[in-house]
Amino acid sequence: MSLRSSLGRARGLGAAKEGAASHWMAERLPAIALVPLVLWFVFVAIIPNLGASHAEVVAFMGSPINAALMLLTVLCAFYHGMLGLIVILEDYVQNHTARNVVVFATKLYAALGAALATVSILKLSVGG
């Protein structure tokens, strides 16, 4: 015995009237992408460049592949972090107005942080 209507059972949708597959996929794709990107970041970008001078880091970032991978790593990390924090905020902030404000602030922080990191990476990669 189900409390759902036959149409609701046929569509398979809950109270939100939309499926959760797209949200689930939006959370998992950057997480999957971050696995090889973080391995590259630690073992290629960080460990070999420990104690490197500014000129050596600029030379490392001057490679288009290194700059592109660094940019992908930073953008995926900001996006993944933003999505995870928004899910937590939506679960634990009860006041609707406060929830909207902190979700907006989280998105703004992620956008500004990603923009700042992008400019920094591009500046280093062109000889900064």
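Residues numbered from 1 in each chain as written. Predicted model: local features only at pLDDT ≥ 70, side-chain atom pairs only at ≥ 80, totals over all residues. Heavy atoms only, no water.

Attention now goes to the overall build of the chain. Helix and strand content of the chain: five helices and zero strands. In sequence order, the secondary structure elements of the chain are arranged as α-α-α-α-α. Split into buried and exposed, the 128 residues of the chain put 23% on the buried side. Only carbon and sulfur atoms are counted for the fraction: they give 72% of the accessible area of the chain, which is about 8900 Å². (Helix = DSSP H or I, 4+ residues; strand = E, 2+ residues; numbered from the N terminus. Buried < 20%, exposed > 50% of the residue type's maximum accessible area, 1.4 Å probe, protein only. Areas by Shrake-Rupley, 256 points an atom, 1.4 Å probe, with all protein chains shown as cover.)

Glancing now at the packing of aromatic side chains. One pass over the structure, following the stated rule, counts two aromatic pairs. Here the aromatic rings of Trp 40 and Phe 60 are separated by 6.4 Å at their centres, their planes lie at 20°, and the arrangement is stacked. With Trp 40 in helix 2 (residues 21–46) and Phe 60 in helix 3 (residues 54–61), this pair connects stretches of sequence that are 20 residues apart. Like Trp 40, the residue Phe 60 is buried in the burial classification. (Phe/Tyr/Trp six-rings, centres within 6.5 Å; stacked < 30°, edge-to-face > 60°.)

Turning to the nonpolar core, a few remarks are in order. In globular proteins that are soluble, nonpolar side chains generally tend to be buried together. Residues Trp 40, Ala 45, Phe 60, Met 61, Ala 67, Met 70, Val 74, Ala 117 and Ile 121 constitute the largest nonpolar core, which totals nine residues. Ranked by the residues each element gives to this core, the list is headed by helix 4 (residues 64–92), at three residues. If we skip the residues at most four places from it in the chain, Trp 40 touches Ala 45, Phe 60, Asn 66, Leu 69, Met 70 and Thr 73. Counting six residues, the second largest nonpolar core, distinct from the first, contains Met 82, Leu 83, Ile 86 and Val 103. (Core = buried A, V, L, I, M, F, W, Y, C linked by side-chain atoms within 4.5 Å. Contact = heavy atoms within 4.5 Å.)

Looking now at helix 5 (residues 96–125). Taking 1.5 Å per residue as the helical rise, helix 5 with its 30 residues ought to reach 44 Å, and the 43 Å between its terminal C-alpha atoms agrees with that figure. For helix 5, every residue scored as buried is listed here: Val 103, Thr 106, Ala 110, Gly 113, Ala 114, Ala 117, Thr 118, Ile 121 and Ser 125. Tucked inside the fold, the buried residues of helix 5 contact helix 3 and helix 4. Near the N-terminus of helix 5, the side chain that reaches the backbone nitrogen of Thr 97, with its oxygen 2.9 Å away, is that of Asn 95. (Expected span 1.5 Å × (residues − 1). Polar contact = N/O pair within 3.5 Å; in protein donor to acceptor, adjacent residues only side chain to side chain.)

Locating Asn 66 in the fold gives a position in helix 4. Apart from the residues within four sequence positions on either side, Asn 66 is in contact with Trp 40 and Phe 60.

Quick look at the environment of Pro 64 now. Within the secondary structure layout, Pro 64 lies in helix 4. Residues Pro 64 and Val 126, 62 residues apart in the sequence, show an inter-C-alpha distance of 9.4 Å.

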